[in-house]
Amino acid sequence: MKEKIKSSMRFYLLATKLKQVIRTGWDDTHWNIRGRRESVAEHVYGCLILAISLDSNFDLNLNVDKVLKMLAIHEIGEVIIGDITPHDGITPEEKMEMEHRAMIEVIGEVIKKEELKRLLFEFDEQKTKEARFAHLCDKLEADIQSKVYQDTNCHHSLEEQKNNVTFKNPRVQAIIKSGAEDAFTVWYEMDKDIYKDDMLFKQILDYIKENSLDI
C-alpha cells in the first residue's frame, strides 16, 4: 500500500508541475503576448473542456473517456523537456523521441503505467478516431487561445513582432506578405490545413475567425 501511494504521489506531483510551465508559444521570443501568459496545465484543461463541449453537442461516436485520459496526460513530458515549438530548431522526430523518454520518466512505476504509455503512443500515432479527435482538440485549443488573445488585445501588432523567432519563419513571412494583418490571421493560415479533412473542426476554426471570443 505504501509503495502504491508513493508512486501515485510521485506521478501526481511531477505531472502537476505543468502548472508552472508557461506555454512557450506565447513567451517573449515567440509571440510576446501582453499580460499574463497561460501555463501548459491551463492548455491541457482547455483541451479537456473543448472535448467535453464538443461531445456534449455533437454525435461523435467516440470513447470520450479514452479521449479525456489521452488529453489529460499528453503534455506531461514537458515537465522535464519544456514546451518545444515547431520554430525552435528541433525536428518533429527528435521532439517525439525526447517527449516519449520524458513521459515515461514522469509516469514512473504506477501499476497502470503500460496503459498510460499505450495512450500516449496512440495519441502520437493518430491512427484511431479517438487519437485523431484528441490531436485536433490539442491543435484547435491553441488556435482558440490565439483568437482570445487577439480579441482581448493581448497580441502585439505584427510590426512589433519582427525580432521574434516565429515571425522570422519563412512560412509566416509568406503569409504576412500575402496580406495577413494580425497575429491570429497568421495562426489561422498556418493551421487551417490541419482541419481540412474534418468538417466539424474546420467549421469551428472558421467560426472563431469570424466571431469575437471576448466574452
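Rules behind the numbers
Residue numbers restart at each chain and count upward from 1, following the sequence in its written direction. Restriction of local features to residues with pLDDT of at least 70 applies here, the model being predicted, together with a cutoff of 80 or more for giving and counting side-chain atom pairs; totals for whole chains, interfaces and linings are based on all residues. With hydrogens and water excluded, all non-hydrogen atoms of the structure serve as input to the side-chain values. Every axis in this analysis is a line fitted to C-alpha atoms, fitted for helices over the stretch in contact. Angles between the N-to-C directions lie between 0 and 180 degrees. Each helix corresponds to a stretch of at least 4 residues labelled H or I by DSSP, and each strand to a stretch of at least 2 residues labelled E; elements are numbered beginning at the N terminus. Orientation categories follow fixed angle ranges, with anything under 35 degrees roughly parallel, anything over 145 roughly antiparallel, 65 to 115 roughly perpendicular, and all other angles oblique. Pairs of residues are marked as contacts when any of their non-hydrogen atoms sit within 4.5 Å. For this classification, Asp, Glu, Lys and Arg are treated as charged, while Ala, Val, Leu, Ile, Met, Phe, Trp, Tyr, Cys and Pro are nonpolar and the rest, including Gly, are polar. A clockwise turn of the near helix away from the far one marks a right-handed crossing, whereas an anticlockwise turn of less than a right angle marks a left-handed crossing. To qualify as a nonpolar core, a set must consist of buried Ala, Val, Leu, Ile, Met, Phe, Trp, Tyr and Cys residues joined through side-chain atoms within 4.5 Å. Each residue is assigned to one of three classes by its accessible area relative to the maximum for its type, calculated with a 1.4 Å probe on protein chains only: buried under 20%, partly exposed between the two thresholds, exposed over 50%. Patches here: salt-bridge-free residues with over 30% relative accessible area, like charges joined within 9 Å, nonpolar side chains (Val, Leu, Ile, Met, Phe, Trp, Tyr) joined within 5 Å. To measure how exposed things are, a 1.4 Å probe is used in the Shrake-Rupley method; for residues, cover is taken only from the protein chains shown. Here a salt bridge means any side-chain nitrogen of Lys or Arg lying within 4 Å of a carboxyl oxygen belonging to Asp or Glu. Two cysteine sulfurs form what is called a disulfide whenever their separation falls within 2.5 Å.

### As for the packing of helix α3 (residues 64–73) against helix α6 (residues 113–125)
Then, number 1: Between α3 and α6, the least distance of the axes is 9 Å, while the angle of their chain directions is 90°. Classified by the angle their axes make, α3 and α6 are roughly perpendicular. For the pair α3 and α6, the contacting residues are K66, K69, M70, L71 and I73 in the first and E115, L116, L119, L120, E122 and F123 in the second.
Then, number 2: Residue classes in the contact of α3 with α6 are distributed as seven nonpolar, no polar and four charged.

### A word on the packing of helix α2 (residues 40–57) against helix α7 (residues 129–151)
If you want to describe how two helices pack, look at the angle between their axes and the distance between the axes.
Then, number 1: Close contact between α2 and α7 brings their axes to 9 Å; oriented N to C, the two are set at 115°. In the crossing of α2 with α7, the sense of the turn from one axis to the other is right-handed. Of α7, the residues touching α2 (which contributes H43, G46, C47, L50, A51 and L54) are F133, C137, D138, L140, E141 and I144.
Then, number 2: Across the contact of α2 with α7, the residue classes tally to eight nonpolar, two polar and two charged.

### Here we look at unusual backbone geometry
Then, number 1: Although it is not a glycine, N32 sits at a positive phi angle of roughly 50°.
Then, number 2: Topologically, N32 is positioned in the loop between α1 (2–15) and α2.
Then, number 3: At N153, a residue that is not glycine, the phi angle is positive and equals roughly 60°.
Then, number 4: Here N153 is to be found in the loop between α7 and α8 (165–168).

### Section: the nonpolar core
Then, number 1: Counting residues in hydrophobic clusters, the biggest one holds 53 residues, and the most contacted among them are F11, L71, I76, F133, V186 and F201.
Then, number 2: Excluding residues within four positions of it along the chain, I76 makes contact with F11, A15, L18, M103, V106, I107 and L120.
Then, number 3: V21, V40, V44 and V79 belong to the second-largest nonpolar core, a separate cluster that totals five residues.

### Quick look at a nonpolar patch on the surface
Then, number 1: On the surface, M1, I5, M9, Y12 and L13 cluster together to form a nonpolar patch covering roughly 560 Å² of accessible area.
Then, number 2: Take M1: it is sitting in the segment before α1.
Then, number 3: Classification of M1 as exposed rests on a relative accessible area of 75%.

### Remarks on the state of the cysteines
Covalently bonding the sulfur atom of one cysteine to the sulfur atom of another cysteine gives a disulfide.
Then, number 1: Under the counting rule described, the total for this entry stands at zero disulfides.
Then, number 2: The closest cysteine sulfur to the non-disulfide-bonded C137 is located on C47, 6.9 Å from its own sulfur.
Then, number 3: The thiol of C154 is unpaired, and the distance to the nearest cysteine sulfur, on C47, comes to 19 Å.
Then, number 4: Residue C154 is classed as buried on the basis of its relative accessible area of 17%.

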